[in-house]
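Spelled out, the chains give:
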Amino acid sequence: MNEPGGTATVRRPDTGTPRQGRGQPATPLRSPARRGASPRRAGAPRTAFVLAGGAALGAMQAGMLEALYERGVTADLLVGTSAGALNAAYVASRPQTAATARELGAVWCELRRKDVFPLGPGTLLAGLAGRRDHLVSDRGLRRVAARHLRIGFLEEAAIPLHLIAHDPLSGQEVRLSAGPAVEAVLAAAAIPGLLPPVRLGGRVLADGGVSSNTPVSHAVQLGAERIYVLPTADPGASALPCPPRSAPDAAVNALTRIFGARLEDDLARYATAAELIVLPAANPRHVLPTNFGHAREPIALSLAAARTVLAAHDSAPSAARASFSGRAA
């Protein structure tokens, strides 16, 4: 189903629910878990958390989430892509508490590169020789997702969950709001050329970060009035202290700059559509997204930085929003 802004929505195929008449839209499936979700306070703005991609830097979002939950800030909907899709799916079926965020942080602290990107000589050589469209099997990421997700389908989440993938054939962003949860996470995190694309909903899908690494636009389209943005790199981040040491590091740095510029544009574009609160991506040592095994520090630093920003927002919301806008200008 086409959506505004060049996106499409993939919904779960009919699996025995009553059929609508021919040509009528399918009724969205509802789960007991979602019906039991806590209602939003009367008059409170519809709140979204938008979780960006960033591979290993997705760890810092655990610290941001802990800071949000400590202050009683919870989401009415979650939007994520790439590493942010895994984090969003993790918390979507769990209580929105600081304890849940700390559990997510513990998962990241245990992850190593081989758990997510297991290098096999057969797959690597086949990819390099042009016999496959990827260099690394997705079996590692599949195991991680299957081990930690408590839902079988996206629509079973207690919090409405929307994962953003990219259709390389049409060039569209694809919003996954229903369907098998593990497959949706794999699709939203399938880095082109590195991981295999995923066939889902009649499409071949890849990492949503290709078109929008911090999908603020989808939260706006879904009716969010207050959006907490959880990036993995600050918009307008300062220059690196030294040149990248390797070709992969240089490529990752270039992509990070592109993603940061897109986020700056989106913050400016949607500044009047919703209240945007951008949490800081604390990474003073410029840890690269390819560097797994060092999650503890970015989690702790992002927790402390988010606490500071949220306290400033609560004490002077207008001034705090101005500082966020200024940072992206």
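This one's a predicted model, so the numbers in the text were calculated from it and none came from an experiment.

A.B. asks: I'd like a rundown of the side chain of H162, residues and numbers included.
C.D. replies: One can find H162 in strand β5 (residues 161-166). With a relative accessible area of 11%, H162 lands in the buried category. Contact partners of H162, with chain neighbours within four places excluded, come to L77, L78, V79, G80, R175, L176, S177 and L222.

A.B. asks: Describe in detail unusual backbone geometry, supporting the description with residues and values.
C.D. replies: Positioned with a positive phi, A55 is a non-glycine residue whose angle comes to about 50 degrees. Among the structural elements, A55 can be located in the loop between β3 (47-51) and α2 (60-70). Residue S82 is not a glycine yet carries a positive backbone phi of 55 degrees. Structurally, S82 can be placed in the loop between β4 (77-80) and α3 (83-92). Given the relative accessible area of 7%, S82 is considered buried.

A.B. asks: For α3, give the residues involved together with the corresponding values.
C.D. replies: Most of α3 sits inside the fold, with ten of its ten residues counted as buried. Listed as buried for α3 are A83, G84, A85, L86, N87, A88, A89, Y90, V91 and A92.

A.B. asks: Explain empty space enclosed by the protein residue by residue, including any values.
C.D. replies: By the definition in use, this model includes four cavities of 30 Å³ or more. Considered as a void within the structure, the second largest cavity measures approximately 70 Å³ in volume. Considering the residues around the second largest cavity, the lining is formed by A56, L57, A59, W108, L111, V287, N291, F292, G293, H294, A295 and P298. Each residue belonging to the lining of the second largest cavity can be placed in one class, and the counts come to nine nonpolar, three polar and no charged.

A.B. asks: Break down the pattern of salt bridges for me, citing the residues and quoting the values.
C.D. replies: Tallying each qualifying case throughout the model produces nine salt bridges. Between D167 and R203 there is a salt bridge; the shortest N-O distance is 2.7 Å. Taken together, the residues D167 in the loop between β5 and β6 (173-176) and R203 in strand β8 (residues 203-207) connect sequence positions 36 residues apart. A residue is classified by how much of its surface remains accessible, and D167, at 5% relative accessible area, is buried. What emerges from the salt-bridge pattern is a single network uniting D138, R142 and E183.

A.B. asks: I'd like a description of the packing of aromatic side chains, backed by residues and values.
C.D. replies: According to the stated counting rule, one finds two aromatic pairs in the structure shown. Pairing F49 with Y69 gives two aromatic rings, centres 6.2 Å apart and planes at 40 degrees, and the pair type is tilted. Of this pair, F49 sits in strand β3 while Y69 sits in helix α2, and the two are 20 residues apart along the sequence. Exposure remark for Y69: the relative accessible area of 6% places this residue in the buried category. On the numbers, 5.8 Å between centres and 85 degrees between planes, the contact of F49 with Y228 is edge-to-face.

A.B. asks: Pulling in residues and values, what's your account of the side chain of D266?
C.D. replies: If you trace the backbone, D266 turns up in helix α10 (residues 247-269). Once residues within four sequence positions are removed from consideration, D266 is found in contact with S212 and T214.

A.B. asks: I'd like a rundown of the confidence of the model for the protein, residues and numbers included.
C.D. replies: Mean pLDDT over the protein works out to 80, with 69% of the residues at or above the 70 mark. In this model, residues 13-33 is a region of pLDDT below 50 whose contacts with residues beyond four sequence positions or in other chains number 13 contacts. Per-residue pLDDT stays below 50 along residues 322-329; that stretch engages in twelve contacts with residues further than four places along the chain or on separate chains.

A.B. asks: Please give an account of the pairing of β3 that cites residues and values.
C.D. replies: Of all five residues that make up β3, five are buried, and the element is covered over most of its length. The alternating pattern of β3 places T47, F49 and L51 and A48 and V50 on opposite faces, both of which are buried. Bridge analysis of β3 against strand β9 (residues 226-230) gives five bridges, and the strand direction is parallel. When the sheet's bridge partners are listed, A48 is paired in β9 with I227. As judged from the four bridges shared by β3 and β4, these two strands associate in the parallel manner. When the sheet's bridge partners are listed, V50 is paired in β4 with V79.

Rules of the game
- Residues numbered from 1 in each chain as written.
- Predicted model: local features only at pLDDT ≥ 70, side-chain atom pairs only at ≥ 80, totals over all residues.
- Heavy atoms only, no water.
- Helix = DSSP H or I, 4+ residues; strand = E, 2+ residues; numbered from the N terminus.
- Buried < 20%, exposed > 50% of the residue type's maximum accessible area, 1.4 Å probe, protein only.
- Contact = heavy atoms within 4.5 Å.
- 1 Å grid on protein atoms, 1.4 Å probe; cavity = no way out; pocket = protein on both sides within 12 Å on 5 of 7 lines; lining within 4 Å.
- Points joined across faces, edges and corners; volume = space filled by probe spheres on them.
- Nonpolar A, V, L, I, M, F, W, Y, C, P; charged D, E, K, R; others polar.
- Salt bridge = Lys/Arg side-chain N within 4 Å of Asp/Glu carboxyl O.
- Phe/Tyr/Trp six-rings, centres within 6.5 Å; stacked < 30°, edge-to-face > 60°.
- pLDDT = per-residue confidence, 0-100.
- Pairing = 2+ DSSP bridges.

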